[in-house]
Amino acid sequence: MKNTSVLGVPISMINQRQLLKMIDDAVRSGQQMTIVAVNARKIVRAIHEPEMKRLLMGYDVFLADGLSVARAAGPMTERITGVDLMEEICRQSARTGAKLFFYGATEENNLAARKKLKTAYPGMRIAGHCNGYEDEDVVEKIRESGADVVFVAKGTPLQEKWIMKHGKSTGSSILMGVGGAFDVLGGKVKRAPGFIQNMGLEWLYRMAWEPKRFQQIPELLEFRRLVKKEKSR
């Protein structure tokens with residue numbers, strides 16, 4: 001798998017079908033693979049925060065989580081959002097038997113996401129779960145569950161730090177930070193319609209529903225400015 005780079009942060013040149021095959025191979029072989037979803041805000045933070053840059057560089061697969069990132073990475077890069085990949089892994093679990101662990105969010109949203117996905121993919125295997133607030137023994141829970149895949153929904157940078165610190169101790173093959181995916185899949189947060197996503201305006205849609213996100217605008221504008229500057233060289 002080859003990587004390209006956007007403002008110094010790696011982005012994997014891979015499509016979703018290829019990645020799902022890699023995930024299945026890793027589960028079958030017992031090898032470990034860490035996956036991070038890279039959006040515009042994370043890239044800007046990596047530019048200004050050396051610790052964030054170091055943290056991201058420790059991962060194996062870098063998803064272009066956002067149309068702006070995929071476009072900046074070039075035509076060979078497919079946009080793969082964390083929530084979409086998570087749902088496809090659940091779909092694949094129903095076929096392959098891979099065991100899944102849901103870690104993070106509130107107990108209510110964690111449960112809602114599991115119920116929604118189990119309804120959509122009845123054959124998927126849930127090894128266990130733990131909310132993001134009562135998690136002192138979560139590593140032991142994951143290890144005892146025998147989970148092949150762990151979805152970590154604790155927000156950035158907490159989920160990225162947790163995976164880097166505890167990933168090996170879980171014994172799981174796939175560790176992936178999924179941010180607010182449990183909230184989206186469980187129905188707590190409404191996702192933008194497909195045509196808005198295809199226009200690259202999902203961020204604006206989210207801001208309309210969650211006004212506190214307007215504070216992210218300076219970072220998004222800085223990302224556009226820096227990408228434009230880099231491409232003009």
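> How should I be thinking about the pairing of strand β2 (residues 9–12) in this particular structure?
The side chains of a regular strand alternate between the sheet's two faces. Here β2 shows a buried face lined by Val9 and Ile11 and a second buried face lined by Pro10 and Ser12. Sheet topology note: the strand β1 (residues 3–6)/β2 ladder contains four bridges and is antiparallel. Bridge pairing in β2 links Asn3 to Ser12.

> Would you mind showing me how to read the packing of aromatic side chains here?
Aromatic ring pairs are reported here in terms of the distance separating the ring centres and the angle at which the planes meet. Within this structure, the stated rule accounts for three aromatic pairs. Seen in terms of ring centroids, Phe102 and Phe151 are 5.4 Å apart; in terms of plane orientation they differ by 65 degrees. Their pairing is edge-to-face. One end of the pair, Phe102, is in strand β5 (residues 99–104); the other, Phe151, is in strand β7 (residues 149–153), with 49 residues separating them in the sequence. By relative accessible area, which is 0% here, Phe102 ends up buried.

> So what exactly am I meant to see when it comes to helix α2 (residues 40–48) here?
Because each turn of an α-helix spans 3.6 residues, side chains separated by three or four positions in sequence point in the same direction. Restricting attention to buried positions, one finds in α2 the residues Ala40, Lys42, Ile43, Val44, Arg45 and Ala46. Near the N-terminus of α2, the side chain that reaches the backbone nitrogen of Arg41, with its oxygen 3.2 Å away, is that of Asn39.

> Would you mind going over the nonpolar core with me for this structure?
In globular proteins that are soluble, nonpolar side chains generally tend to be buried together. In this structure, Val6, Ile43, Phe101, Val138, Trp162 and Phe223 are the most contacted members of the largest nonpolar core, which totals 36 residues. With sequence-adjacent residues up to four places away left out, Trp162 is seen in contact with Tyr103, Val138, Val139, Ile142, Val152, Gly167, Thr170 and Leu175. Counting 35 residues, the second largest nonpolar core, distinct from the first, contains Leu19, Ala105, Val178 and Leu185.

Rules and cut-offs
Residues numbered from 1 in each chain as written. Predicted model: local features only at pLDDT ≥ 70, side-chain atom pairs only at ≥ 80, totals over all residues. Heavy atoms only, no water. Buried < 20%, exposed > 50% of the residue type's maximum accessible area, 1.4 Å probe, protein only. Helix = DSSP H or I, 4+ residues; strand = E, 2+ residues; numbered from the N terminus. Pairing = 2+ DSSP bridges. Phe/Tyr/Trp six-rings, centres within 6.5 Å; stacked < 30°, edge-to-face > 60°. Polar contact = N/O pair within 3.5 Å; in protein donor to acceptor, adjacent residues only side chain to side chain. Core = buried A, V, L, I, M, F, W, Y, C linked by side-chain atoms within 4.5 Å. Contact = heavy atoms within 4.5 Å.

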